[in-house]
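Examination of the molecular architecture
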Amino acid sequence: MVQKFHTGLAGKAGVSASLLAEILWKEVKENEFYRRCQYGKETWVCLDWEKVLAALPYLTKREVKAGFSRLKREGVLIERVEKQEKCRRMVWCAFTEKGKKLMEESEDEIFG
């Protein structure tokens, strides 16, 4: 398995945060392509922890959640929580303008 990550973001927020950002960025681009989950200027992604952990089997849930917190703290992601039932909640996230710029720069490095 080969996984890429943004080295600049990894330097600021850690490797787990950078790997998570790549997964979320891929989903955002897919949602943009199919015009799903777009509210205002943002394209949102439902954060499915099981799916993320399956994509990053070498990281623990704690490491992934810490990476998510660091991405929010660095101003890369914003979060929205919807309570559906008494015990369940859905976590949605979107990239900020700063986050979009970082991820697009990462794509430019790869594709020239």
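You'll find the structure just up there.
The present account deals with the structure reproduced in this document.

Reading the values: rules and limits
- Per chain, the residues get numbers from 1 upward, laid out in the order the sequence is written.
- Two thresholds apply to this predicted model, a pLDDT of at least 70 for residue-level local features and 80 or more for giving and counting side-chain atom pairs, whereas whole-chain, interface and lining totals are computed over all residues.
- Values reported for side chains reflect all heavy atoms of the structure, with hydrogen atoms and water molecules removed beforehand.
- Secondary structure is summarised from DSSP: a helix means a run of H or I of at least four residues, a strand means a run of E of at least two, and numbering begins at the N terminus for each.
- For this analysis, residues touch if any pair of their heavy atoms sits within 4.5 Å.
- The pairing test for Phe, Tyr and Trp rings, Trp by its six-membered ring, is centres within 6.5 Å, and the orientation test on the planes gives stacked under 30 degrees, edge-to-face over 60, and tilted for anything in between.
- Summary of the burial criterion: residues with accessible area below 20% of their type's maximum are buried, those above 50% are exposed, and those between are partly exposed, where the area comes from a 1.4 Å probe applied to protein chains only.
- By the criterion adopted, a ring carries a charge over it if an Arg CZ or a Lys NZ lies within 6 Å of its centre and within 35 degrees of its normal.

**A word on the environment of E42**
Note that E42 resides in strand β2 (residues 42-43). In the structure, E42 is positioned 52 residues away from A94 in sequence and 6.3 Å away in space, judged by C-alpha atoms. With residues near it in sequence (within four places) discarded, E42 still touches C37, I78, A94 and F95.

**Things to note about the packing of aromatic side chains**
Any two aromatic rings considered together are summarised by their centre-to-centre distance and by the angle between their planes. Taken as a whole, this structure holds 3 aromatic pairs when the rule is applied. Pairing W25 with F95 gives two aromatic rings, centres 5.1 Å apart and planes at 90 degrees, and the pair type is edge-to-face. Remark: F95 occurs in strand β5 (residues 89-95) and W25 occurs in helix α2 (residues 15-33); sequence separation between them is 70 residues. Accessibility classification places W25 together with F95 in one group, the buried group. Taking the centre distance of 4.9 Å and the plane angle of 90 degrees together, the rings of F33 and Y34 count as edge-to-face. For F33, a relative accessible area of 64% puts it in the exposed group. One residue, K65, lies across the ring of W49, its end atom 5.1 Å from the ring centre. Positioned above the aromatic ring of W44, the side-chain terminus of R80 is 4.8 Å from the ring centre.

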